[in-house]
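Residue-level structure breakdown
Read off the chains here:
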Amino acid sequence: MHYAFKYAQLDGEIVAALDVNTVANAVYEHNYGSNLVKTRNIQSLSVKEVTKLQANMLLMSPPCQPHTRQGLQRDTEDKRSDALTHLCGLIPECQNLQYILMENVKGFESSQARNQFIESLERSGFHWREFILTPTQFNVPNTRYRYYCIARKGADFPFAGDQIWEEMPGAIAQNQALSQIAEIVEENVSADFLVPDDVLTKRVLVMDIIHPAQSRSMCFTKGYTHYTEGTGSAYTPLSEDESHRIFELVKEIDTSNKDAPKSENILQQRLDLLHQVKLRYFTPREVARLMSFPEDFEFPPETTNRQKYRLLGNSINVKVVGELIKLLTI
């Protein structure tokens, strides 16, 4: 959110950043210093404290787990919704607040928590608009559909409010050509990022594999590299034609041996072919680029790759949110 605020180039400053995740806060502190970030539960935030900070903008991404497709979808009954419920009670009392942006998962728009949030905005005199957007609409080759709501006091927005927008008003970002994946790829990537042999052997055919000339990638989640399917794409430096040729040979081996256990020799032959694809995971830096983080963003040296992937998977796309902050404040 801090990077999105900087991206929007507004005349203002961040006065506080709150999260309960100590690893996330260590990364924030590494990039911005320790005077802004606080390891706090949102429920401990008071009207008095917000007023003292003289904050007039709230940028937030409440826990998405109560609303995800993979979760139990307990909505406001989920304890992780308590932070948003608390904020919904706080917003009408904080007279300084003039601008609010919220990000959440697609699906939030049909939740009780969303209704609670919109009721709080209306009770507080905010004009509001809702969106479902993805970075591919902003020239970023990554699919990440998310719910967004922007709200402000004073002048209403100059575009309709009786719908959920699925593109930016005026479609300002729609006519750009998408960047190719080759543009975000690092050089001389360590062999540590190669897909392990056991995953190649058992799961490679369900992986989403991206080639240098392509202009797409899957949504990266906090389970990337830990789980194979549905957590993000893998990368090969080969062209589509080259990798297709190799996978056709692999399928020939599978087809010709489908009715009998594969011998050690056949299994090794299959694995040797798969090694030729040079399939690897996207590095944390590459995922950060696909999330539109600037090049000067860094993780502290002690942050593990697993922690980096978890944090990035739980993060936002800086460019999408930055463009929405611009729209919020024009």
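Treat the numbers as computed from the prediction; the structure is a model and nothing was measured.

**Focus: the overall build of the protein**
Looking only at helices and strands, the protein features 11 helices and 10 strands. Each principal axis of the C-alpha distribution contributes one length, and for the protein these read about 70 × 40 × 40 Å. Sorting the 330 residues of the protein into buried and exposed places 48% on the buried side. Across the protein, contacts joining residues at least 24 apart in sequence account for 74% of those joining residues at least 6 apart. Put simply, the protein shows about 16,900 Å² of open surface, and 48% of that area lies on carbon and sulfur atoms. The averaged location of the 42 negative side-chain charges in the protein is 4 Å from the averaged location of its 35 positive side-chain charges.

**Here we look at the sheet that holds strand E10 (residues 280-281)**
Strand order in the open sheet formed by three strands is E8-E9-E10, with mixed pairing between adjacent strands. Among the strands making up the open sheet, the edge pair consists of strand E8 (209-210) and E10. Pairing geometry for strand E9 (residues 234-235) and E10, over two bridges, is antiparallel. Bridge pairing in E10 links Ala 234 to Tyr 281.

**Some points on the pattern of salt bridges**
If you walk through the whole model with that rule in mind, you get 10 salt bridges. When the shortest N-O distance is used, the salt bridge between Arg 289 and Glu 295 registers 2.9 Å. Judged by relative accessible area, which is 23%, Arg 289 ranks as partly exposed. By relative accessible area, Glu 295 is classed as partly exposed at 49%.

**Points about the domain arrangement of the protein**
Many descriptions give the size of an interface as the accessible area lost when the pieces come together. Domain boundaries in the protein define domain 1 (1-172 + 319-329) and domain 2 (187-282). Summing the contributions of domain 1 and of domain 2, the shared interface buries around 450 Å²; its carbon and sulfur component is 35%. Where domain 1 touches domain 2, the interface holds zero salt bridges. Of the residues that constitute the side of domain 1 that touches domain 2, the class distribution is one nonpolar, three polar and two charged.

**Let's talk about empty space enclosed by the protein**
Summed over all chains, the structure comprises three cavities of 30 Å³ or more. Lining the largest cavity, in full, are Met 207, Asp 208, Tyr 224, Thr 225, Tyr 227, Thr 228, Thr 231, Gly 232, Ser 233, Ala 234 and Tyr 281. Grouping the constituent residues of the lining of the largest cavity by class yields five nonpolar, five polar and one charged.

**Section: the environment of Asn 41**
Its place among the elements puts Asn 41 in the loop between strand E2 (37-39) and helix H3 (47-53). A polar contact of 2.9 Å, which involves the side chain of Asn 41, links it to the backbone nitrogen of Gln 43.

**As for helix H7 (residues 240-256)**
Taking 1.5 Å of rise per residue, 17 residues should cover 24 Å, and H7 covers 24 Å from first to last C-alpha, within 8% of that figure. By the burial criterion, the buried members of H7 are Ser 243, Ile 246, Phe 247, Val 250, Ile 253 and Asp 254. Along the axis of H7, the buried residues cluster in a sector spanning 105°; they form a single face. Opposite the buried face of H7, by more than 90 degrees, sit the exposed residues Asp 241, Glu 252, Thr 255 and Ser 256. The inward-facing, buried residues of H7 abut E8 and helix H8 (264-275).

**Focus on the packing of helix H4 (residues 82-90) against helix H5 (residues 112-123)**
Relative orientation of the contacting elements H4 and H5 amounts to 15°, with a least axis distance of 9 Å. When the axis of H4 is compared with that of H5, the two are roughly parallel. Note on packing geometry: the crossing formed by H4 with H5 is left-handed. Contact with H4, carried on its side by Leu 84, Thr 85 and Cys 88, involves Ala 113, Gln 116, Phe 117, Ser 120 and Arg 123 of H5 and no other residues of that element. Of the residues that constitute the contact of H4 with H5, the class distribution is four nonpolar, three polar and one charged.

**Points about the nonpolar core**
With 69 residues, the main nonpolar core has Phe 131, Met 207, Leu 279, Phe 282 and Leu 324 as its most contacted residues. Element by element, the count of residues in this core is highest for helix H11 (residues 318-329), at seven residues. Those residues in contact with Leu 279, other than ones at most four positions away along the chain, are Leu 194, Val 195, Leu 200, Val 204, Met 207, Ile 209, Ala 234, Tyr 235 and Thr 236. Core analysis: the next-biggest nonpolar cluster, separate from the first, contains 23 residues, Val 50, Leu 84, Phe 126 and Ile 132 among them.

**Digging into unusual backbone geometry**
Here Asn 188, not a glycine, exhibits a phi torsion of approximately 50°, which is positive. Of note, Asn 188 is situated in the loop between strand E7 (164-165) and helix H6 (197-203). Phi is positive for Ser 292, which is not a glycine, with a value near 70°. Relative to the elements of secondary structure, Ser 292 occurs in the loop between helix H9 (284-290) and helix H10 (305-313).

Conventions we followed
Residues numbered from 1 in each chain as written. Predicted model: local features only at pLDDT ≥ 70, side-chain atom pairs only at ≥ 80, totals over all residues. Heavy atoms only, no water. Helix = DSSP H or I, 4+ residues; strand = E, 2+ residues; numbered from the N terminus. Buried < 20%, exposed > 50% of the residue type's maximum accessible area, 1.4 Å probe, protein only. Contact = heavy atoms within 4.5 Å. Areas by Shrake-Rupley, 256 points an atom, 1.4 Å probe, with all protein chains shown as cover. Lys, Arg positive; Asp, Glu negative; His and termini not counted. Charge placed at Lys NZ, Arg CZ, Asp CG, Glu CD. Pairing = 2+ DSSP bridges. Salt bridge = Lys/Arg side-chain N within 4 Å of Asp/Glu carboxyl O. Domains from an automatic or database assignment. Buried area = accessible area lost by both parts, 1.4 Å probe. Nonpolar A, V, L, I, M, F, W, Y, C, P; charged D, E, K, R; others polar. 1 Å grid on protein atoms, 1.4 Å probe; cavity = no way out; pocket = protein on both sides within 12 Å on 5 of 7 lines; lining within 4 Å. Points joined across faces, edges and corners; volume = space filled by probe spheres on them. Polar contact = N/O pair within 3.5 Å; in protein donor to acceptor, adjacent residues only side chain to side chain. Expected span 1.5 Å × (residues − 1). Arc of directions from axis to C-beta. Axes fitted to C-alpha atoms, helices over the stretch in contact; angles between N-to-C directions. Parallel < 35°, antiparallel > 145°, perpendicular 65-115°, else oblique. Left-handed = near helix turned anticlockwise from the far one by under 90°. Core = buried A, V, L, I, M, F, W, Y, C linked by side-chain atoms within 4.5 Å.

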